[in-house]
Amino acid sequence: MDAELIYLDYAASTPVDPRVHDCMRESAEATCANPSSTHAAGRRVQAIIANAAGQLAGLLNVDPATLVWTSGATESDNLAIAGGARFRAHRGKHIVSMKTEHKAVTDVFETLAKEGYDLTWVEPGSNGLLDPAVFQAALREDTQLASIMYVNNETGVIQDIDALGTICRERDIQFHVDAAQAVGKVHIDLAALPVDLLSLTAHKFYGPKGIGALYIADRPACHVEPLLFGGGQQRRIRPGTLPADLIAGLGMTAEIAASRIDDDLAHLGTLREILWNGIREVPGVLVNGDLAGGFPGILNVSVEDVEGESLLLALEPLCVATGSACNSRAQEPSYVLRALGRSDSLAQSAIRFSMGRPTTSAEVEFAARRYRDAVARLRELAPVAAA
Amino acid sequence: MDAELIYLDYAASTPVDPRVHDCMRESAEATCANPSSTHAAGRRVQAIIANAAGQLAGLLNVDPATLVWTSGATESDNLAIAGGARFRAHRGKHIVSMKTEHKAVTDVFETLAKEGYDLTWVEPGSNGLLDPAVFQAALREDTQLASIMYVNNETGVIQDIDALGTICRERDIQFHVDAAQAVGKVHIDLAALPVDLLSLTAHKFYGPKGIGALYIADRPACHVEPLLFGGGQQRRIRPGTLPADLIAGLGMTAEIAASRIDDDLAHLGTLREILWNGIREVPGVLVNGDLAGGFPGILNVSVEDVEGESLLLALEPLCVATGSACNSRAQEPSYVLRALGRSDSLAQSAIRFSMGRPTTSAEVEFAARRYRDAVARLRELAPVAAA
Amino acid sequence: MSADPYSARVREYFANPAHAGDLGDAAAADIDDQGVRLRLTARHEDGRIVALRFRAWGCPHLIAACEAACAGYEGREADELLDFRAVEIMRNLSVPVEKTTRILVLEDAVRSLGRSICDSSVP
Amino acid sequence: MSADPYSARVREYFANPAHAGDLGDAAAADIDDQGVRLRLTARHEDGRIVALRFRAWGCPHLIAACEAACAGYEGREADELLDFRAVEIMRNLSVPVEKTTRILVLEDAVRSLGRSICDSSVP
Ligand SMILES: Cc1ncc(COP(=O)(O)O)c(C=O)c1O
Ligand SMILES: Cc1ncc(COP(=O)(O)O)c(C=O)c1O
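The model shown is predicted, which means the values in this text are computed figures rather than measured ones.

**Describing the confidence of the model for chain C**
In low-pLDDT regions, the fine details of the predicted coordinates are not to be read closely. All names here are of chain C. Confidence in the prediction for chain C averages 92 pLDDT; 96% of positions are at 70 or higher. The least confident element of chain C is helix α4 (residues 100-121), whose mean pLDDT is 91; the most confident is helix α1 (residues 8-15), at 97. Scored as a complex, the prediction yields pTM 0.95 and ipTM 0.94.

Written out as structure tokens, the structure reads:
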């Protein structure tokens, strides 16, 4: 796996657990039938899907019937937000989200603006945390949907979903949560949380790429209009042949995660401490986000007066991200870090280290050393006047 | 694989070729990176995807840059038709398709009707073949898009895509082809065919479920508006983390298919002949579709005065379909067969046998015997007056 | 979603319909309704049903229900046929509700057969 | 899509910038423009460049281009600096077009250095 490289980009994607691979292959070898078929082979594959739904439902503490399978969190976000807002267009046209959301949320909001929806972007504090009072102040009579992510993909900051959801429920606002970076990594009990719609994707927690789900709470006010049309699979919410093997894989992914969230969190906490201790003395280094209130798998740091792209190259063989993976092609500074009030120059020097189950302390020690050396080398290379 | 059952439902879905499984696992083990990442691991996965695009492009004889990855043919059909029609809304609001299309086409058309598009459903002849003159007569000044499938999923009938596409091109009409049942099974040379948009899905030709593609011809008039929004992957046509392992699998699926289409066709032709010879003497049996002009992997037969659901159960352990897999939940007679002029009663007795690479002549001989016995038994059970 | 639409009993009765047949000139009920065609024939002695046979054109649930009904009423009093209730046989065989109309056709046939036997038995 | 954004030469020059440094009170050009900061210093004798060094704050392509430029002009006539063309170095290093403005900053710096040497050499 990524030989000779040191992969520290688990927030971008994770390796598939070998048990998940095996499970997918077993599913494929048990039957190749189309789950829409009524014959015996079709029923066999339906049982595989029902089992997987049970596993994922177990992780989230929900009824399996509340889960809709999708191709990933991008599709889930689109379905929840565009589908949810359109379903409740009669309720109002005001929708609310946060500036630090993933593009799969913000771009859908922008699309809805073209359809006549009125958008409000609430601003987090400089640590990335959204103050529920700020959120509440943004809501209006005609607010019908709000979307706030669980764990931020760039900074790891965890929002107070319980408080935000409670505010929404009091006002009959559909509350969507992009939990792509949270499911299977932090404890989420949807029986207790006032969440209406929740997006997740397997590849962020040691499952395959190309499969995700949308949780739709079993409440009358809570529903989405489909984005795709076809054979009436999944109660007409999302058509297409169900990818049974991927679904089996997601189910197994969820079952494995359920059994080890606490161990994973402890492991990641240790690693982040080693890493941060190894680089905190670098002059001008700053944490983006909030160490105390953040998911320990992510450490995002900026550093004064070092150019980001050169820093990234100087860090090789580390595989780390600047900003989010999805934006790493664009050479602009991360809009998420800009929203936290970082200057362009600090934002473009940001490096997101993200650790995972296979990460070792030797790897993060190496990473810290490499970071110190790279910063020193690039500073030496820069004109003195700049210092 | 589906032990004790005799699977004759390859048009619903096919088993994954073991080489495709291996290729997906190898891809997953080579790197787990997100293809949007710019680091070395990201570039490794980008190379895997580029290789797969080359394999699929080779099968279709197109430039790899014309391919957009989707979650399957349902999404490809939606993207092509809704996205294509909306992109060319200025060109006109009239769109044309056929009554015997898959739901992933017809349901999108119905959705567009609600947006103010004007639909025309052209009718095939009783053998399922669309007469190009009939098609041409349906076109108008303001016709901007037409969608006609390649191989029909219920009857196996193959349309004259070349003739239909030529008519479209003369009139500046975007021509979409649902080739879910055709790609990898019949020869398709898109460099020679006047097709603008073409949908395909891996699981119909021995690849994994949950991955497909849309071909978008490299012509200025030919483009689609996205249905999903998010991180700018795939030139903003279709966002979401690219499922590299599935894409690698689809690439390998295409490469394998390219090397054996003729052998597969010969094998299926032999099987269909054995099967048809084994049941053609059953009194009142009729072919739905057209044996001469059809894909040899499908044999769809109706029989007079036998109830379809009981026939299906009496045929066990054969796994066969009534109508299409996607509609097999609905107990209504197939709308496709009704469109060919079959009575309700004949349509509901329809059985689609579909054969694949692993099918043996012993299996189809057994199937024919089972069919004869089941029809005889159910006829014996029926009131004599009915005969 | 993953359930077999046919209960074990439905499968058993459908596969082995021991009471399929036609008793010819005995008491009979014929029905052609709701896409179902049915013929029940009975031989009876002193108001008791000695033999009961069916012929049916319909779905597996209907065929199984016919078999269950025939097996169940053999040896019983003919006037008990009048009490035949579709819901009961649907419960016993786990017939899905969307098939109710079809089983009601059987109910009609059974009761009609009962009436014709009872009427003919009137001295 | 799958190409390494950095050519082998860019990687090599970035990793081993042998001409990084500052010659102090020799001829110099300083530029701070387009998000790039550059300092070139040269030692020259009789119009010939004896040593050429750079300091740079910028992306890897810029750093590699600085290194390539310094290595290339050592030993040559100072007035050749006036002919320095960004396009050439971009071609040699396979610098992507979207980085053109940054490399043009280097062009400005090299030419300005050339002018200052030539002017000072005027007797
Ligand atoms: C917070 C968040 N939302 C959505 C996504 C999109 O998920 P997917 O890649 O499954 O479409 C990602 C990751 O890419 C993410 O980090
Ligand atoms: C002709 C045709 N089009 C579209 C589809 C949908 O494909 P998918 O299952 O990949 O969404 C199918 C099969 O289900 C099909 O046979």
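**Quick look at the pattern of salt bridges**
All names here are of chain B. Tallied over the entire structure, the rule returns 63 salt bridges over all chains. The closest approach of N and O atoms between E115 and R86, which form a salt bridge, is 2.7 Å. Here E115, found in the loop between α4 (103-114) and β4 (118-122), pairs with R86, found in helix α3 (residues 73-87); they are 29 residues apart in sequence, far enough to count as distant. In this structure E115 comes out as partly exposed when scored by relative accessible area, which is 37%.

**Digging into the relation of the copies chain B and chain A**
The operation relating chain B to chain A is a screw motion whose rotation component is 180 degrees, with 0.0 Å of axial translation and a residual RMSD of 0.0 Å. Expressed as a symmetry operation, the mapping of one chain copy onto the other fits a two-fold axis. Relative to the rotation axis, the closest C-alpha in chain B is found at S71 of chain B, a distance of 3.1 Å. Residue by residue, 100% of the interface of chain B is reproduced at the interface of chain A, so both copies engage with the same surface.

**Let's talk about the interface of chain B and chain A**
Contacts between the two partners involve 67 residues from chain B, matched on the other side by 67 residues from chain A. In terms of surface lost to chain A, no three residues of chain B exceed C32, K209 and F229 of chain B, which account for 13% of the buried area on that side. Linking chain B with chain A are six salt bridges. For D107 of chain A, the salt bridge goes to R236 of chain B, with nearest N and O atoms at 3.7 Å. In terms of residue count, the dominant contributor to the side of chain B that touches chain A is helix α1 (residues 18-30) of chain B (seven residues). Residue composition of the side of chain B that touches chain A, grouped by class: 29 nonpolar, 22 polar and 16 charged.

Rules of the game
In this convention, every chain numbers its residues from 1, walking through the sequence in written order. For naming, the first written chain is A and the first written ligand is 1, with later ones following in the order written. Restriction of local features to residues with pLDDT of at least 70 applies here, the model being predicted, together with a cutoff of 80 or more for giving and counting side-chain atom pairs; totals for whole chains, interfaces and linings are based on all residues. Side-chain figures throughout are based on the complete set of non-hydrogen atoms in the structure, without hydrogens or water. A score from 0 to 100, pLDDT tells how confident the predictor is in each residue. Runs of E in the DSSP output that reach at least two residues are strands. Runs of H or I that reach at least four are helices, and both are numbered from the N terminus. Basic side-chain nitrogens of Lys or Arg form a salt bridge, by our definition, when they fall within 4 Å of a carboxyl oxygen of Asp or Glu. Each residue is assigned to one of three classes by its accessible area relative to the maximum for its type, calculated with a 1.4 Å probe on protein chains only: buried under 20%, partly exposed between the two thresholds, exposed over 50%. The least-squares superposition of copies is restricted to C-alpha atoms, and to residues with a pLDDT of at least 70 in both copies. Residue contacts are defined here by distance: any two heavy atoms, one from each residue, within 4.5 Å place the two residues in contact. When two parts are brought into contact, each loses some accessible area as probed by a 1.4 Å sphere; the total of that loss over both is the buried area. Three residue categories are used. Nonpolar comprises Ala, Val, Leu, Ile, Met, Phe, Trp, Tyr, Cys and Pro, charged comprises Asp, Glu, Lys and Arg, and polar comprises the others, including Gly.

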